[in-house]
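Listed below, chain by chain, are the residues.
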Amino acid sequence: MPLSHFRMQKTYDHQKIEKKWHQKWFKAKLFRASDEDKSKPKYYVLDMFPYPSSAGLHVGHPEGYTATDIISRYLRMKGYNVLHPMGWDAFGLPAENYAIKTKIHPEKSTLASITTFKRQIQELGFSYDWEREIATCLPEYYQWTQWFFCFLYKNGLAYKKKAPVNWCNDCQTVLANEQVVEGHCERCKFPVTPKFLAQWFFKITDFIDDTGETSGLLSGLDKIDWPESTKIGQRNWIGRSEGVNWINQRVKDMDISFEMYDSVPQTYMAQRFCVIAPEHPMVAKLVEGTEHEKPVTEFVEKVKKRKMENKFDLEKEKDGIFTGRVIDNPFGTGDLPIWVASFVVMDYGTGVVHSSAHDERDFAFAKANNLPLHPVMFPEDPEEAKKVEALEYCYHHDPMAIMQEPAEFKGRRWGEVREDLIDFVVKKGLAKRQTNYKMRDWLVSRQRYWGAPIPMVYDDQENEYLLPEDELPVHLPEDVDFNPKGESPLTQSKSFHDQKILARIEEKLKKSGSMPKDRKLVRRESDTMDTFVCSSWYMWRFMDPKNKKEFASKKLMEQWGPVDLYVGGAEHTVLHLLYARFFCKALHRHGYISTDEPFTKLRHQGMILGEDGEKMSKSRGNVINPDEIVKQYGADTLRMYEMFMGPFKDMKPWSTKGVLGAYRFLKKTWAIITEAKLTDEEPDHDTLKMCHQTLKKVTHDIEEFKFNTAISQMMIMINHIQKLGKVPKAAMEILLTCLYPFAPHMAEECWELMGHKAMIMNEPWPAYDEAIAKEEQMNMPIQIAGKLRGTITVPVDIGKEEALALALAEPNVAKYLQGNKIVKEIFVAGKIINLVVT
RNA sequence: GCCCGGGUGGCGGAAUGGUAGACGCGAGGGACUUAAAAUCCCUUGGAGGUAACUCCGUGCGGGUUCGAGUCCCGCCCUGGGCACCA
């Protein structure tokens, strides 16, 4: 047996290596973000903090976390003071549902989940500053969530209003949309009905447009580096629309008049009827005491019920009923019958709209209900115009359409009259300019236990009072029954409504003059806040997580804010990202911070699917447990594999076989360090070139979130090095530096084995040399009429004449040129030759 | 329905308008081994050809261009979001 078989091979023991470096990093507090160090530029890298579910970490979590860890480690090497924190979005429905089922208190199950999540995340070796860890369900955090409620309330940005909730009469509880399946309760299959409750709203609509120094939710998007699709998502969500409100729309023979919003006022002379939302409070008045009262009321009830069933397709709806009333039309086109129509949305505009022949849905509604239509603009083509006149189809949104009415605009094009026409009708006193938005105010009340209590109290006459700040936090009480009893779980708690404490609060309120002396406090607000409120401000808390006096100090927020890079799933395109921007803008408007956008740069990770290409789920049995991958192959392998799978933002299926590719790469690296002959000799020309090419590619790819191609370049380099007899240390050092952000345990261990005393993380990120990285030779393709007919090996910077001469000499090319005349020579330096022949 | 993505080998994917398929997985063949694992080497889009090489090929149909996976127009299929899941 050859001697080499007895040579002790140092095996790649990932478990031992990873544990060793976790301890080293932890002991030396190496990832502490320094509040004091002003010598380095700051960079704040934030992950969307996870909801610690009882299922434990999903392989989807480490995808984003690895990306931010790569960026964080890379930037530290580049000399930045990096803030990279982690925490827990710990309030929410699942823990409460779990409590109802198992009687285990949400706090207990949530804290257990956090412990598991934390262990799993730590095993992956992410460079978080754990001293800044936060959990939204802890009083030291939710005290400040409540402070934000107070802050908004004091500034007129929180108000109470009645709104419908999904109500299950069998379970006696409010249901989340998620718990409503096709209009029925998920648990007991009972039909869900609407129930109107007084609920708290935040006035997010106040921040759509710019105000003073604070950019609005719309224009602010223009200055941040976010994916365009996400910006579009937010713009569409906000749904800004400019138009007019028609005024003095009086109901004939009644003392009622409406305003009606119109985003396309050009065709107002076509209006022949109007439609009102079933929920409109005036509907009852319109039909009161008439023969229409009964059928209309029945119709309204029917529509409301169908809307609750979530199966309501606004676009296809054309159900309606006549109210028996008409609008006394001020335009001189006759009275407009008022119909109740299922498709009219109460939340948009004023809930009453005019209808005309130039709107597709109005057109369909009129045809279905035999209502009059009257086109006022026509296509240029007389044949087509006839069809429009005959109401064969709905003619709309054609800029070239020719207007017939009003007389003042006759002959002009629809596409250019808008502004003039609006001025005209405004001057005539028919309308006023109006901007509308699809977005509604944010409903934050939740009739649940596991959330931050809303810091309000009520007196015996149901008047509301904001809690004095020194009464915060309002603790979640323990004496609560999670089983639904028809109202918020907190309503039942004795300790929550402790009369002694209420008396103390009452005294304070009276002393400060905010409460009349003859009133008596009787209860606290028993609703809690939407968990999105907790996650709307957590990025500020990370900057100053231990602060007992403020949610975060102005000084530290100026120092660390805003978040330079934010990474998370695209499912948060609208809600979370919009709410966090709203909070930031509110803080900015009221002088707390100097930035009005919280996240300068945003990137989304794509979802990781199961091996079957389907979404991972327990029921499908295709869930991959990261613990098993870490145990078998190590954290570095999991990190490498997840980054290598494909483009960061794309959805990609898991492949357990594919993990092997990443593992083999790491083992090759390990083998070179532990087995190959490392030499102090300078790298040869090709190896040096490879080093600089790799450095260049990895540097650029990290910055552009192209981690998959960065890794493939490292694979190319290791394949090259493997073929060398002696491996130059200098080359391995460059490779390990590139590898460090991706597989930090492996890189540190190898670095140490190479004899380095200091850690690789303390090395500066090396600069590449463009001149060395450059290829000097290339295979230049030669096309004839766009088809590849040969290649020539030439210097990259070869000139046109020289290249053409070589190209013509290439045998296969010459063959194809026989008997043809070259009419055009395309030469793209360093790229290609294309000869166009007759 | 509305809004936003995506369709490239057996699979994940790569390609500033310039040789389509880098890198990895899988598969086939070989080396080492008593054997297996591990590792290493070779082949690997399809069809034809001993070979040189040729033809076809990036969801479908058109267009722009010397040249299109990439840009434009029209389709088909598919995934995600849609306000109380987070």
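Counting starts from 1 at the beginning of each chain's written sequence and moves along it residue by residue. Working convention: letters from A go to chains and numbers from 1 go to ligands, in the order in which they are written. Owing to the predicted nature of the model, reporting of local features is limited to residues with pLDDT of at least 70; listing and counting of side-chain atom pairs is limited to 80 or more, with chain, interface and lining totals taken over all residues. For side-chain calculations, the full set of non-hydrogen atoms in the structure is used, while hydrogens and water are omitted.

### Notes on the overall build of chain A
The following threshold applies: Comment: elements are numbered from the N terminus, with helices defined as DSSP H or I runs of at least four residues and strands as E runs of at least two. Partly exposed residues are those whose accessible area sits between 20% and 50% of the maximum for their type, while under 20% is buried and over 50% is exposed, using a 1.4 Å probe and protein chains only. Any pair of residues with heavy atoms lying within 4.5 Å of one another is described as a contacting pair.
If you tally the helices and strands in chain A, you get 26 helices and 34 strands. For chain A, the spread of C-alpha atoms along the principal axes amounts to about 105 × 90 × 50 Å. Per-residue burial for chain A yields a buried fraction of 52% across its 838 residues. Here the contacts in chain A between residues at least 6 apart in sequence split such that 71% fall between residues at least 24 apart.

### So, the pairing of strand E10 (residues 241-250)
Successive side chains on a regular strand alternate, one facing one side of the sheet and the next facing the other. For clarity, the threshold we go by: DSSP-based pairing: two strands are paired if at least 2 bridges between them are found.
Pairing geometry for E10 and strand E18 (residues 431-436), over six bridges, is antiparallel. Opposite Asn245, over in E18, you have Lys432 as the bridge partner. In the sheet, E10 pairs with strand E11 (residues 257-262) via five bridges, with the strands oriented antiparallel. Residue pairing across strands places Arg250 opposite Ser257, the latter belonging to E11.

### Describing unusual backbone geometry
In this chain, Glu405 is followed by Pro406 through a cis amide linkage whose omega measures -5 degrees. Position of Pro406 relative to the elements: it lies in the loop between strand E17 (402-403) and helix H11 (414-427). Here the residue pair Leu472 and Pro473 is connected by a cis peptide bond, since its omega of -5 degrees sits within 30 degrees of zero. In the Ramachandran plot, Gln172 falls in the positive-phi region, its phi being about 55 degrees despite a non-glycine side chain. Residues other than glycine seldom take positive phi values, yet Asn370 does so here, at roughly 55 degrees. When you line up the elements, Asn370 lands in the loop between helix H9 (360-369) and strand E16 (377-378).

### Concerning the pattern of salt bridges
This is how the line gets drawn: By salt bridge we mean one thing: a side-chain nitrogen of Lys or Arg within 4 Å of a carboxyl oxygen of Asp or Glu.
Per the stated rule, a full pass over the model turns up 49 salt bridges. Residues Arg73 and Asp69 are paired through a salt bridge, measuring 2.8 Å at the closest nitrogen-oxygen approach. Residue Arg73 and its partner Asp69 are located together in helix H2 (residues 60-77), separated by four residues, close to a single helical turn. Exposure remark for Arg73: the relative accessible area of 0% places this residue in the buried category. Here the residues in one salt-bridge network are Lys20, Lys24, Glu749 and Glu752, joined through shared partners.

### Brief notes about empty space enclosed by the protein
Stated formally: Cavities and pockets are found on a 1 Å grid laid over the protein atoms alone: a cavity is a set of points where a 1.4 Å probe fits but cannot escape, a pocket is an open set with protein on both sides within 12 Å along at least five of seven lines, and a lining residue has an atom within 4 Å of such a point. Grid points are joined across faces, edges and corners, and a volume is the space filled by probe spheres set on the points. Throughout this entry, Asp, Glu, Lys and Arg are counted as charged residues, while Ala, Val, Leu, Ile, Met, Phe, Trp, Tyr, Cys and Pro are counted as nonpolar. The remaining residues, Gly among them, count as polar.
Per the counting criterion, the structure on display carries two cavities of 30 Å³ or more. The calculated volume of the largest cavity comes to roughly 40 Å³. Among the residues making up the lining of the largest cavity, the classes are represented as three nonpolar, three polar and three charged. Empty space within the second largest cavity amounts to approximately 30 Å³. Looking at the second largest cavity, the residues that line it are Ala357, His358, Phe363, Pro375, Val388, Leu391, Tyr393, Cys394 and Tyr395. In the lining of the second largest cavity, the residues fall into eight nonpolar, one polar and no charged.

### So, the packing of aromatic side chains
Cut-off, in case you're wondering: Ring pairs shown here join Phe, Tyr and Trp side chains whose ring centres sit within 6.5 Å, with only the six-membered ring taken for Trp; geometry is labelled stacked below 30 degrees between planes, edge-to-face above 60, and tilted in between. Only when the NZ atom of a Lys or the CZ atom of an Arg is both within 6 Å of the ring centre and within 35 degrees of the ring normal do we say a charge sits over the ring.
Tallying each qualifying case throughout the model produces 58 aromatic pairs. Consider the rings of Phe149 and Trp200, whose centres lie 5.3 Å apart with planes at 80 degrees: the pair is edge-to-face. Remark: Trp200 occurs in strand E9 (residues 192-202) and Phe149 occurs in helix H5 (residues 139-154); sequence separation between them is 51 residues. For the pair formed by Phe149 and Trp200, the shared burial category is buried. Centre to centre, the rings of Tyr538 and Phe542 are 5.7 Å apart; their planes meet at 70 degrees, and the pair counts as edge-to-face. As far as the burial class goes, Tyr538 and Phe542 line up, both buried. Across from the ring centre of Phe496, 5.4 Å away, lies the NZ or CZ of Arg524, which sits over that ring. Arg789 extends its terminal NZ or CZ atom over the ring of Tyr816, reaching a point 3.9 Å from the ring centre.

### Here we look at helix H17 (residues 626-633)
Note the threshold: To obtain the arc, one takes the directions from the helix axis to the C-beta atoms.
Here H17 has its buried residues at Pro626, Ile629, Val630 and Tyr633. All buried residues of H17 project into a common sector of 100 degrees when viewed along the axis, lining one side. In H17, the exposed positions that point more than 90 degrees away from the buried face belong to Glu628, Lys631 and Gln632. Looking at the buried residues of H17, the elements they touch are helix H1 (14-27), helix H4 (106-123), helix H18 (635-644) and helix H19 (656-675). With its phi angle positive at about 100 degrees, Gly634 sits one or two positions after the end of H17.

### What about the sheet that holds strand E25 (residues 565-569)?
Convention followed: Fitting a line to C-alpha atoms yields each axis, with helices limited to the stretch in contact; the angle taken between N-to-C directions then spans 0 to 180 degrees.
Across the sheet, which stays open at both edges, the four strands sit in the order E2-E1-E25-E26 with parallel pairing between neighbours. The open sheet is flanked by strand E2 (81-83) and strand E26 (602-605), the only strands paired with a single partner. Taken over all neighbouring pairs, the strand axes of this sheet differ in orientation by 20 degrees on average, direction set aside. The pairing of E25 with E26 spans four bridges and is parallel. Note on E26: the bridge partner recorded for Val567 is Arg603. Contacts from H2 reach strand E1 (42-47), E2, E25 and E26 within the one sheet, and its direction differs from that of E1 by about 170 degrees.

### Structural notes on the packing of helix H6 (residues 228-238) against helix H16 (residues 575-589)
The condition is simple: Our angle categories are set so that under 35 degrees counts as roughly parallel, over 145 as roughly antiparallel, 65 to 115 as roughly perpendicular, and the remainder as oblique.
Between H6 and H16, the shortest axis-to-axis distance is 10 Å and the interhelical angle comes to 75 degrees. Classified by the interaxial angle, the pair formed by H6 and H16 is roughly perpendicular. Contact residues: Thr230, Gln234, Trp237 and Ile238 in H6; Leu575, Leu577, Leu578 and Arg581 in H16. Tallied by class, the residues present in the contact of H6 with H16 amount to five nonpolar, two polar and one charged.

### Re the nonpolar core
Put simply, the rule is: By convention a nonpolar core is built from buried Ala, Val, Leu, Ile, Met, Phe, Trp, Tyr and Cys residues, the set being connected through side-chain atoms within 4.5 Å.
If you look at the biggest cluster of nonpolar residues, it comprises 175 residues, and the most contacted ones within it are Phe202, Tyr538, Trp540, Phe551, Trp654 and Phe742. One finds Phe258, Val287, Val296 and Val388 within the second-largest nonpolar core, a separate group that totals 42 residues.

### Here's the deal with the sheet that holds strand E34 (residues 832-837)
Strand pairing in a sheet is mediated by backbone hydrogen bonds. Such pairs are either parallel or antiparallel. Reading across from one edge, E32-E31-E34-E33 is the order of the four strands in this open sheet, with mixed pairing throughout. The sheet is open, and its two edges are formed by strand E32 (787-795) and strand E33 (822-828), each paired on a single side. Each adjacent strand pair in this sheet contributes to an overall mean axis angle of 20 degrees, direction not counted. Relative to E34, strand E31 (residues 777-784) is paired through three bridges, and the arrangement is parallel. Paired with Ile782 across the strands is Ile833, a residue of E34.

As far as function goes, none of this settles anything; it's purely spatial.
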